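Spelled out from the first residue to the last, the chains are:
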Amino acid sequence: MLYAIISEDVADSLSKRQSARPAHLARLQALQDAGRLILAGPHPAIDSENPAEAGFTGSLVVAEFASLEDAQSWANTDPYSDAGVYARVVVKPFKRVFPL
């Protein structure tokens, strides 16, 4: 089943994000290589694809996991969580309607 992992950043998270980004991306790449990643990316703090110093306010990952518990466990071990980037992470089942 698909799950949405919706993360909200702490204030001024940019430097923490930058330091943990390689490890964070490696985990996402592993999901992609396994054919389980649907989409992933950050929420810019301003209306720009490159928010520069404004940074980001959170992230969204939609991926396939065997269960809600597996998705939650994966989210709990994200390098961004370990680095203190996230203030809050919510994991929810996700039903894809479009695109088919």
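Relevant structure appears above.
Residues numbered from 1 in each chain as written. Predicted model: local features only at pLDDT ≥ 70, side-chain atom pairs only at ≥ 80, totals over all residues. Heavy atoms only, no water.

Quick look at helix H1 (residues 14-33)
The end-to-end C-alpha distance of H1, which contains 20 residues, comes to 27 Å, matching closely the 28 Å that a straight helix rising 1.5 Å per residue would cover. Within H1, the axis deviates most sharply at Arg21, by approximately 55 degrees, and proline Pro22 lies no more than four positions further along. Of all the residues in H1, the buried ones are Leu14, Arg17, Ala20, His24, Arg27, Leu28 and Leu31. Contacts from the buried residues of H1 go to strand S1 (2-9), strand S2 (37-44), strand S3 (56-64), helix H2 (68-76), helix H3 (79-82) and strand S4 (86-94). Two residues or fewer after H1 comes Gly35, characterised by a positive phi angle close to 75 degrees. (Helix = DSSP H or I, 4+ residues; strand = E, 2+ residues; numbered from the N terminus. Expected span 1.5 Å × (residues − 1). Bend = angle between axes of the 7 residues up to and from the residue. Buried < 20%, exposed > 50% of the residue type's maximum accessible area, 1.4 Å probe, protein only. Contact = heavy atoms within 4.5 Å.)

Describing a nonpolar patch on the surface
A grouping of Val97, Phe98 and Leu100 is seen on the molecular surface, where their side chains present a nonpolar patch of about 430 Å² in accessible area. Given the relative accessible area of 89%, Leu100 is considered exposed. (Patch = residues over 30% accessible without salt bridge, like charges linked within 9 Å, V, L, I, M, F, W, Y side chains within 5 Å. Areas by Shrake-Rupley, 256 points an atom, 1.4 Å probe, with all protein chains shown as cover. Salt bridge = Lys/Arg side-chain N within 4 Å of Asp/Glu carboxyl O.)

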